[in-house]
Amino acid sequence: MTTTLTAPAPTKPLPQPAGPITLKQTFDNTLTMAYRGLLKIKHNPEQLFDVVIQPIIFTLMFTYIFGGAISGDVQSYLPVIIPGILVQTVIMTSIVTGVQLKEDMEKGVFDRFKSLPIARISALSGALTADMVRYAIASVLTLVMGVIMGFRPNPLGAIAGVALVIVCSFATSWIWAFFGVIANKASAVQGYSMLVMFPLTFASPAFVPKETMPGWLQAFIDVNPVSHLVWACRDLMNDGHVGSHVLWSLVGAGVIMAIFAPLTVRAYMRRV
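Trainee: What is the right way to look at the packing of aromatic side chains in this model?
Mentor: In this description, a pair of aromatic rings is defined by centroid distance and the angle of the planes. Under the defined criterion, the tally for this structure stands at ten aromatic pairs. Centre to centre, the rings of F178 and F179 are 5.9 Å apart; their planes meet at 65°, and the pair counts as edge-to-face. Judged by relative accessible area, which is 17%, F178 ranks as buried. With a relative accessible area of 23%, F179 lands in the partly exposed category. Ring centres of F179 and Y192 lie 5.7 Å apart, and the angle between their planes is 50°; on these two criteria the pair is classed as tilted. Taken together, the residues span a long stretch of sequence, with F179 in helix α7 (residues 155–182) and Y192 in helix α8 (residues 186–202) at a distance of 13 residues. Here the aromatic cluster, defined as three or more aromatic residues joined through ring pairs, consists of F58, F62, F66, F198, F202 and F207.

This is the structure we're talking about:
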């Protein structure tokens, strides 16, 4: 009896980049990864529950619970609470960036990306870019709820206020992306972020006037970056006024990105 041995079929090698990844390729890869993030939302709509339900519930609850006690009536409270709810909702939404990033890393998704001929940083930058859609949805829903309840913002100021909040939230998302890269579990990222964001958002003038708080807390509010963002949104949405708080908010966003973007990228490149 004779045995015929056949050589195994050659496996097709993975495609390799022809040369160094260019800036244009990195940009294109980032957009592709951002599209992937949007497809995840399409196939898993419950990922939008926080940006859909939270603005509606928080706007209704805080307005009707605190409106009469703080401003005398609901209509007088709307110019105070809507910018505050907008800031709180979108800033808190940025936490999801780090959580989902860590979940993808735990599932081995980024290991697959390493074998592809793409810019290594595109998976990170694409996830951050895709989450800006979440910020926009949360912003629009908060404004729509406010208008339904009787809030009448300055049209151009409202657009500028939403844009400012999205920019600042994008900067903040780099903080949570950094924790998403270095943390051991996604639940740890959630815990760290809540521990930081709850004091910053509630110890601010988002819901009640600063003057009603103790002196030591007022001193903290004056240096709280969330406070400047709330004041900036109120100036823009109520009066269309571009004041110093807008500048401070943009400076704060720039400082956060200058610190955490390099840290996040360095930690990410080491992990992948």
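So much for the structure itself; the text now carries on.
Trainee: I tried to follow the side chain of K102 on my own but got confused; where do I start?
Mentor: By the secondary structure assignment, K102 is in helix α4 (residues 95–106). Residues contacting K102, with those up to four places away along its chain left out, are G180, V181, A183, N184, K185, A186, V189 and R271.

Trainee: So what exactly am I meant to see when it comes to the environment of V265 here?
Mentor: Relative to the elements of secondary structure, V265 occurs in helix α11 (residues 244–271). Taking the relative accessible area as the measure of exposure, V265 reaches 27% and is therefore partly exposed. It is 7.3 Å that separates the C-alpha atoms of V265 and I121, two residues lying 144 residues apart in sequence. Leave out the neighbours within four places in its chain, and V265 touches I121, L124 and W174.

Trainee: I tried to follow the packing of α7 against α8 on my own but got confused; where do I start?
Mentor: The relative placement of two packed helices comes down to the angle between their axes together with the axis-to-axis distance. As a packed pair, α7 and α8 sit with axes 9 Å apart at the nearest point and diverge in direction by 150°. Considering how the two elements wind past one another, α7 and α8 form a crossing that is right-handed. Mapping the contact onto sequence places W176, F179 and G180 in α7 and V189, Y192, S193, V196 and M197 in α8. Class assignment for the residues of the contact of α7 with α8 results in six nonpolar, two polar and no charged.

Trainee: Explanation requested: the layout of surface pockets in the structure shown.
Mentor: Where empty space is left can be seen by rolling a probe of water-molecule size over the atoms. For the largest pocket, the calculated volume is near 350 Å³. In terms of lining residues, the largest pocket is bounded by 19 residues, among which T172, P225, V226, G252 and I256 are the most central. Listed by contribution, the elements that provide at least two residues to the lining of the largest pocket are α7, α8, α10 (225–239) and α11. Sorting elements by how many residues they give to the lining of the largest pocket places α11 first, with six residues. Among the residues making up the lining of the largest pocket, the classes are represented as 15 nonpolar, four polar and no charged.

Conventions used here
Residues numbered from 1 in each chain as written. Predicted model: local features only at pLDDT ≥ 70, side-chain atom pairs only at ≥ 80, totals over all residues. Heavy atoms only, no water. Phe/Tyr/Trp six-rings, centres within 6.5 Å; stacked < 30°, edge-to-face > 60°. Buried < 20%, exposed > 50% of the residue type's maximum accessible area, 1.4 Å probe, protein only. Helix = DSSP H or I, 4+ residues; strand = E, 2+ residues; numbered from the N terminus. Contact = heavy atoms within 4.5 Å. Axes fitted to C-alpha atoms, helices over the stretch in contact; angles between N-to-C directions. Left-handed = near helix turned anticlockwise from the far one by under 90°. Nonpolar A, V, L, I, M, F, W, Y, C, P; charged D, E, K, R; others polar. 1 Å grid on protein atoms, 1.4 Å probe; cavity = no way out; pocket = protein on both sides within 12 Å on 5 of 7 lines; lining within 4 Å. Points joined across faces, edges and corners; volume = space filled by probe spheres on them.

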